[in-house]
Amino acid sequence: MAAADTAKPDHDDDGIPLPEWILSSFQKIQQQQQGNTAQQHSSVVSHHDFLMPALRLATSLADQLCVLQDETEDGQLLLPTPGLDWINQVFVYNSHKNWVDDGSLFGAGANSGEVGDDKNIRGEILPLLLDKTTEEEARITEKQRIYSLGLVIYEIFSGGERPVEIEQLQQEEGEQQVELWGIQFNEVQDEVNLLDGVINNVDNDQDEFNLLGETSFDGIIQQDRKSPSKKPMRNMYAVSIEPLRAKGLPRSVCDLVASMMNCHTESNLSGEEAYRSMSEVRDDLQLLVGKPTIYLYDQDMGKLSTNGLQFGDMFGRNAELSTIKDAYRRSFSGESELVTIFGQSGTGKSLLAYEFGDYVVSGGGIFMYGKFDQLRQGKPFNALASALNNCCGMLLRSNALLTQQLIKGVNSVLGREAYYLAKLIPNLSFILGIDVTNHVNQDEDDCSNGQKRLQYLLCQFVQVLSSVFGSSVVLFLDDLQWADSASIEAVNQLLLTDSLSSINTHFFFLGCYREGEDNNCNPLWKEICSGHARSTNIKLDYMDEETVNVVISESLQLFPRLTRTLSSVIYRKTKGHPLFIAKLLRSLSKGGPLRPSLIQRRWEWDIEKIECQKLPENVAMFLTNSIGALSEDVKSSLSIMSCFGASVEKPFVLALERALNKSLINNFDTAVDEGLLDKIDDQYRFSHDRIQEAAYNMIPEDERCLFHFKYGMALVSPSIKNVDDDILFIAVNQLNLGGPAAVQDMIQTANVASLNLRAGKKAMEMSDFEAAYSYFDHGITFLPKKHWEEYYSLSLELFDLAAKCALTKGDFDSLTVLTEEVTTKTHDFKDKLNVMYLSVCALSISFRLPEAVRKGLHILSKLDIGLHLEKVNPEASAKVTKDLLAAHPGDELLNYRRMTDPPMIMAMKVLVKVALGMNQMSPEAVLPIVEKMIQLSLSHGLSPVTPIGLAYFGSYTAKIGHIEEGYRYVKFSLTLLQKIGSIENLGEIYGMATQIKCFVEPVQAVCEHPHFNNAYIAAMTSGDVLVAMAQIHLNNYLRYNAGVNLQTIAETCASNQKTMAERNQMLFLVMDRQIQTSVLKLMGEDEDMTFLPVEQHILGLGSNESISRVTYNYKAFVSFMFRCYDDVKFYIEKVYACRDNSWATLFYAHSGESFSVGLINFWLARKEKKKQQQWFMRGSESKLALKRWTQSCQWTFEAKWYLLEAEEAFCNHDYEAAKPFYEKAMLSAYQHKFVNDEALACELAANFYLHLKENDKAVHHFSLAYQCYHDWGAYGKCKSLSEYVESHLNRKLDMNVRRGESTDSSATSLQQSSLLQTSVELGKRRANN
């Protein structure tokens, strides 16, 4: 090819002629290959570094022509005249690249020898050669322009070689005689040469050639330009593209050029695949550039001719995928996200989820996946456990370092509780080296909250996984319509776990469920979605015809314009059902009318045969027919597999082969080849649920129970022989699917009941009490009619454990039925004990405490355990208990024998429940109960609940004033509990220890002590959510009273209440809301704190007087803070109207109530003469309580006691005594870092000085109070204080006062005295008055 005789245009973005670009590109790539140029010439055109820039260049030319066709001026278009030599009038540009020394234009790596795959490259046809034409003429000559552009593209991909046919034509006619663009080439050359002479004399306003917006000739004007000839191109010649094929170009590029060359006749397009418009050319080129892996590169037609079409990619769901990605990215902000995909079967829900999974993994995230299965619901937490097990397995196979980090993290966070997860996750047991088959669980707790414990452990484990991987965690669970409530609640806990919703740790849940069937998504899941603030629902429908064409186009790797006819037929036959489309295309490609052509290197089809093919009306029938066409062995194997769910592991299949004496693996492999099964690692899985259903439906409906029972019985032996829990669950599940109706021999009924008992116990070990209950319930249904006579022990154990699981599930109706059956049918009272105790537990949980206590006392009386609860002498009873304990030193108790008598163990449990009820009903009766627990422990041995008895005694001892001694007992109970190895009451004992610790150590230190976290973790680990919520409320209460900034307290309140509401812990939510109300009022952010229904119930009906008393006390105190007399009086009367249930144990809240009630009573005593003595006496009682506690912990209680002493002296008009106490209260609060108490002391002192008309001192103390309130965050109180001073004293507050300095000399002398001396001196002064 001769170099183009065209000058380089003067352009802001320099370009080079297209022939030069081709030549220099070839040279650069050949230099890279460093070989024989002649031998490698053909490989250059197929080289990626040439192929992609060349395609972009061709795309830009087609796009330029499409734009020109759409731009009209005065009803005319400006288009290039068709011709054979367009290539000489095309320049190549690149916006971000520069010319290199050899004149070529390459990518960023040009100087280093790389051409580069530059996305900014483009080509432009010279505007000088454009000709005005009408729209009609443009339409007629469009195929000629397609042909002309096809010649350019041919030469680009041939490496500059012109088609042989065109070369021969030019040789015959002579180069000067060949017409170009309707004018002679010499005329064109003359026009081009004129440019150099006129380029500097143009007028930019007269530019009539700048038609593209950004052309090569900005500012150039043609002067006296002759109108080009309107004659069309004389001939378009047939061109062979075989030379391009010989160079190794992809088939798609060759076919594109061929389709452009097929426009060579004057009349109709000569081929069905010939292009009809330039936009079609542009669209196809864009697909080659945008999706090269699909449209550009050749397929392995030999493999396709053997295997047929293979599917797996997602089509037509890009918008939905983007929605999921957006939600996933939002989870990075620190809140959990959940997305639910739903739609009818076969709409591509799972495929969309796995496509998203690839995105997560490519970004470094963790993608865990599991699938719920209608036929495998018996195995505890099956889908969730499978997801975690797969993740652990991946870790084992891929990274030893991360495995070690996981071991360290699990041991640190979960400790010995990891055993429960190891039972659930086999790969975790392998990682941790835990032998779950031989592990003996030392915990003797009743596991009434075991399911909640496991949920907590799962959350902790996912957090460890996220920490180890340093990545976000995505959990995908498929087929939520089969999900059990326990698994959904576990997922809910993952979504609610704060540690998984932080800036550093992200949790994202993705679920799918099938719509439009009787068994829809679990209602609990819908409730979670509707209640979760960041929930996204995505519905998938069937595909429209255009989407179907995209699917078929990308599957066959042919341009959409070529597959549209085929797609139209497929769409009519399948109604756009994605699964139906995939299976139909695969069927057509297996020796049918859709076949790969080895000659053409592409797919071809017989549209008439496809049109005539008769198909079933729906995908289910189609799949049934597809399976029916297989051999009997394969069909039988698929039917067997369908009885076991959507997937089976290869080790299980081998065990099943031995049990049934039937070959399965080979038949499954055949089904894999047919596309009915997928094989992933060692797992066989139906490629879709519909295929499993079709295989299952091949078994006659009335015979299915027999097949299930047969398979279950066959698997019983290997499950027992190999001690394989997984096979045991599968076997028993099959037996239960068969049901009693499938039993052929009545002897089998007891055996099946025993197997259900065994499976239920295994499920309880895994803390799945819902699955366990199902096993026990099935076991009961298999029992014969006279089972109590013939199988007494088996019946009793099944009913006992079923009752236990019913309690755990909160199914009190079933518990009542089971309890009545046991109490009626059993012979010995000891056999009734378990269900009777469970009934007491149910009554306690339901807050029916009087009934629980009565029933508990009845049980104890039947066990000959007498309790004397009337006329209790606390001191005498406490002395008896202390003497008992003193006779057995601590070391002896730690090594004391264990209780082994079952009735005594049960008696101890009942005593705990009775003590719990009495603690609220009759606190004085708790001590005799505790004494009895200690007596039984010393006479019969220690039980798992002995430590709770010691903790109760320690707390009671502290309550009656012996705080240090009580604290020692509680701490010892913790040591004893750890020695015994039970966690049942660990959270409660930790909580008691924390409460008493507040009376021994500074409350600020207690707030930061790990006791809170230990108590919370212990309670959650044992599943005791009630105690766990009590701990987070107590921590917030202590921080509020310790003077922590109010904004922090408000945020904690919001977080706590969210957690409590989600766990249905309304009592603690009510108490926490009282803190929030007070805080918001102090902050000046009053909100409409609408009462919850449970609050209205408590306050309106007085259903819980303890909570009512707490609520009214908060309202009274915040009213007192703002001096709202009427409200204060109203609420304090409400407080005293509630029965003073001070409990038998010591709580820090006792001190808070005493302090607030004392201040209110002294204030009312000064305000109201009528009840002055009553108010004063109540205030004095509170003062004495604070005095006792001050002797135990001066740091925490001193300032409060001083302030009450000051207020009492103020009421007595003993002003000289009051002054130093106010100063001491302020100084003590300052020194002990109680900014809230300091603020209150300053304000009350100011009111005191205001009463004495010492206004300067009053303003000074108001200023101090303002500063303290401001530091505390009580901005609402600051505003109120400032307004009061301005309105009553006409003064401004002094913002420069210094805190922590006494203003009274008497305070200094008083400070030298001890607490006892101070109290004595004050008493003498009052006596003298």
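Take the overall build of the protein next. Scanning the protein from N- to C-terminus turns up 62 helices and 17 strands. If you take every contact in the protein between residues at least 6 apart in sequence, the share linking residues at least 24 apart comes to 74%. If you sum the accessible surface of the protein, you get close to 55,900 Å²; carbon and sulfur atoms cover 48% of it.

A few words now on the sheet that holds strand E15 (residues 647–649). Ordered by their spatial adjacency, three strands build an open sheet running E15-E17-E16, and the pairing between neighbours is antiparallel. Only two strands of the sheet have a single neighbouring strand rather than two, namely E15 and strand E16 (677–680). On average, each strand axis in the sheet is inclined to that of its neighbour by 20°, with strand direction left out of account. Note that E15 and strand E17 (residues 683–686) share three bridges and pair antiparallel. Its bridge partner lying in E17, Val-648 is registered against Tyr-684. In this fold helix H26 (residues 632–642) packs onto E15, E16 and E17, with an angle of close to 95° to the strand it touches most, E17.

Glancing now at helix H14 (residues 382–398). Between its first and last C-alpha, H14 extends 24 Å over 17 residues, near the 24 Å set by a 1.5 Å rise per residue. Where H14 is concerned, the buried positions are Asn-382, Ala-383, Leu-384, Ala-385, Ala-387, Leu-388, Asn-389, Cys-391, Cys-392, Gly-393 and Leu-395.

As a further point, take the sheet that holds strand E1 (residues 15–17). With antiparallel pairing, the three strands of this open sheet are ordered in space as E1-E3-E4. Since the sheet does not close on itself, it has two edges, and those belong to E1 and strand E4 (121–125), each with one partner. Averaged over all pairs of adjacent strands, the angle between their axes in this sheet comes to 30°, without regard to strand direction. Of the strand pairs in this sheet, E1 and strand E3 (residues 90–94) are connected by three bridges, and their pairing is antiparallel. By the bridge assignment for E3, Ile-16 is matched with Val-92. Running at roughly 40° to E4, helix H3 (residues 48–70) makes contact with E3 and E4 of the sheet.

Inspection of the secondary structure puts Phe-430 in helix H17 (residues 426–432). With a relative accessible area of 62%, Phe-430 lands in the exposed category. When the C-alpha atoms of Phe-430 and Cys-392 are compared, they prove to be 9.4 Å apart, with 38 residues separating the residues in sequence.

The subject of this paragraph is the packing of aromatic side chains. Applying the stated criterion to the full structure yields 44 aromatic pairs. Each ring, one from Phe-356 and one from Phe-508, has its centre 5.5 Å from the other, and the planes form 45°; the classification is tilted. In this pair, Phe-356 is assigned in helix H13 (residues 349–362) and Phe-508 in strand E11 (residues 507–514), connecting sequence segments 152 residues apart. Both residues of the pair, Phe-356 and Phe-508, count as buried. Measuring from centroid to centroid gives 5.1 Å for Phe-1210 and Phe-1248, while their planes differ by 85°, and the two rings are edge-to-face. Taken together, the residues span a long stretch of sequence, with Phe-1210 in helix H56 (residues 1194–1211) and Phe-1248 in helix H58 (residues 1235–1251) at a distance of 38 residues. The rings of Phe-999, Tyr-1037, Tyr-1148, Trp-1189 and Phe-1197 are connected pair by pair, giving a single aromatic cluster. Looking at Arg-1123, its charged tip hangs above the ring of Phe-1120, at a distance of 4.5 Å from the centre. Its guanidinium or amino end placed over the ring of Tyr-1136, Arg-1178 lies 3.7 Å from that ring's centre, counting from NZ or CZ.

Both strand E13 (residues 594–597) and strand E14 (residues 602–605) contribute to a ladder of four bridges, which runs antiparallel. Considered in E14, the bridge of Leu-594 is made with Trp-605. The hairpin turn running from E13 into E14, its antiparallel successor, is four residues long, and Arg-601 in that turn takes a positive phi close to 60°.

A word on unusual backbone geometry. Within the chain, Lys-1253 stands out as a residue other than glycine whose phi angle is a positive 65°. Within the secondary structure layout, Lys-1253 lies in the loop between H58 and helix H59 (1255–1272). The exposed category is assigned to Lys-1253, whose relative accessible area is 70%.

Here the focus is the pattern of salt bridges. Any two side chains of opposite charge can pair, so long as their charged atoms come close to each other. Throughout the structure, instances matching the rule amount to 45 salt bridges. Across the pair Lys-1219 and Glu-1216 runs a salt bridge, and its minimum N-O distance is 3.8 Å. Residue Lys-1219 and its partner Glu-1216 are located together in helix H57 (residues 1215–1231), separated by three residues, close to a single helical turn. Assessed through its relative accessible area of 12%, Lys-1219 is described here as buried. Classification of Glu-1216 by relative accessible area gives exposed; the value is 51%.

Turning next to the environment of Lys-761. Mapped onto the secondary structure, Lys-761 falls in helix H32 (residues 747–765). Placed 14 residues apart in sequence, Lys-761 and Tyr-775 show a C-alpha to C-alpha distance of 8.9 Å. Ignoring any residue separated from it by four or fewer positions in sequence, one finds Lys-761 in contact with Phe-776, Glu-797 and Leu-801.

Before going further, it helps to spend a moment on the side chain of Ser-25. As for its placement among the helices and strands, Ser-25 is situated in helix H1 (residues 18–33). Given the relative accessible area of 1%, Ser-25 is considered buried. Side-chain polar atoms of Ser-25 contact the backbone oxygen of Trp-21, separated by 2.7 Å.

The subject of this paragraph is the packing of helix H35 (residues 792–809) against helix H36 (residues 812–825). Interaxial distance between H35 and H36 falls to 8 Å at its minimum, and their mutual angle equals 155°. In terms of orientation, H35 lies roughly antiparallel with respect to H36. The two elements H35 and H36 cross, and the hand of that crossing is left-handed. Where H35 approaches H36, its residues Tyr-792, Leu-796, Phe-799, Asp-800, Ala-802, Ala-803, Ala-806 and Leu-807 are matched on the opposing element by Phe-812, Ser-814, Leu-815, Leu-818, Glu-821, Val-822 and Lys-825. Across the contact of H35 with H36, the residue classes tally to 11 nonpolar, one polar and three charged.

For the rest of this paragraph, the subject is helix H37 (residues 829–845). Helix length check: H37 (17 residues) gives 24 Å between terminal C-alpha atoms against 24 Å at 1.5 Å per residue, within 8%. Along H37, the largest kink reaches about 25° and is centred on Val-835. Of all 17 residues making up H37, 13 are buried, and the element is well covered by its neighbours. The N-cap residue of H37 is Asp-828: its side-chain oxygen and the backbone nitrogen of Lys-830 are 3.0 Å apart.

Our next topic: the side chain of Gln-683. Mapped onto the fold, Gln-683 is located in strand E17. Within the local environment of Gln-683, its side chain forms a polar contact with the side chain of Glu-649, the two groups lying 3.0 Å apart. Ignoring sequence-local partners within four residues, the contact set of Gln-683 consists of Ser-647, Val-648, Glu-649 and Asp-678.

This next bit is on the packing of H58 against H59. At their nearest, the axes of H58 and H59 sit 8 Å apart, and the two run at 160° to each other. Relative to H59, the element H58 is oriented roughly antiparallel. When the axes of H58 and H59 are compared, the crossing they make is left-handed. Packed against H58, whose contacting residues are Val-1235, Asn-1236, Glu-1238, Ala-1239, Leu-1240, Cys-1242, Glu-1243, Ala-1245, Ala-1246, Asn-1247, Tyr-1249 and Leu-1250, the element H59 presents Asn-1255, Lys-1257, Ala-1258, His-1261, Phe-1262, Leu-1264, Ala-1265, Cys-1268, Tyr-1269, Asp-1271 and Trp-1272 at the interface. Residue composition of the contact of H58 with H59, grouped by class: 15 nonpolar, four polar and four charged.

Once that is clear, we can look at the environment of Ala-1199. Tracing the sequence through the fold places Ala-1199 in helix H56. Take Ala-1199: its relative accessible area is 6%, and that puts it in the buried class. With residues up to four places along the chain from it excluded, the contact list for Ala-1199 reads Ala-1225, Ser-1228 and Ala-1229.

Side chains of E17 alternate between two faces, with Gln-683 and Arg-685 and Tyr-684 and Phe-686 buried alike. Pairing of E16 with E17 involves four bridges; the strand directions are antiparallel. The residue bridging Leu-677 from the neighbouring strand is Phe-686, located in E17. Connecting E16 to the antiparallel partner E17 that follows it, the hairpin turn spans two residues, and Asp-681 within it adopts a positive phi of roughly 55°.

The biggest cluster of nonpolar side chains holds 312 residues, and the ones touching the most others in it are Phe-461, Leu-475, Leu-638, Phe-644, Leu-1038, Leu-1240 and Tyr-1269. Apart from the residues lying within four places of it in its own chain, the contact partners of Leu-1240 are Phe-1117, Phe-1120, Met-1121, Phe-1155, Leu-1159, Leu-1203 and Tyr-1269.

What follows covers the confidence of the model for the protein. Within the protein, residue pLDDT values average 79, and 80% of them lie at 70 or more. Every residue in residues 1–12 is under pLDDT 50, and counting partners more than four places away or in other chains gives 24 contacts. Ignoring residues within four places in sequence, the model shows residues 439–448, a span with pLDDT below 50, making 23 contacts including any to other chains.

Rules used throughout
- Residues numbered from 1 in each chain as written.
- Predicted model: local features only at pLDDT ≥ 70, side-chain atom pairs only at ≥ 80, totals over all residues.
- Heavy atoms only, no water.
- Helix = DSSP H or I, 4+ residues; strand = E, 2+ residues; numbered from the N terminus.
- Contact = heavy atoms within 4.5 Å.
- Areas by Shrake-Rupley, 256 points an atom, 1.4 Å probe, with all protein chains shown as cover.
- Pairing = 2+ DSSP bridges.
- Axes fitted to C-alpha atoms, helices over the stretch in contact; angles between N-to-C directions.
- Expected span 1.5 Å × (residues − 1).
- Buried < 20%, exposed > 50% of the residue type's maximum accessible area, 1.4 Å probe, protein only.
- Phe/Tyr/Trp six-rings, centres within 6.5 Å; stacked < 30°, edge-to-face > 60°.
- Lys NZ or Arg CZ within 6 Å of the ring centre and 35° of its normal.
- Salt bridge = Lys/Arg side-chain N within 4 Å of Asp/Glu carboxyl O.
- Polar contact = N/O pair within 3.5 Å; in protein donor to acceptor, adjacent residues only side chain to side chain.
- Parallel < 35°, antiparallel > 145°, perpendicular 65-115°, else oblique.
- Left-handed = near helix turned anticlockwise from the far one by under 90°.
- Nonpolar A, V, L, I, M, F, W, Y, C, P; charged D, E, K, R; others polar.
- Bend = angle between axes of the 7 residues up to and from the residue.
- Core = buried A, V, L, I, M, F, W, Y, C linked by side-chain atoms within 4.5 Å.
- pLDDT = per-residue confidence, 0-100.

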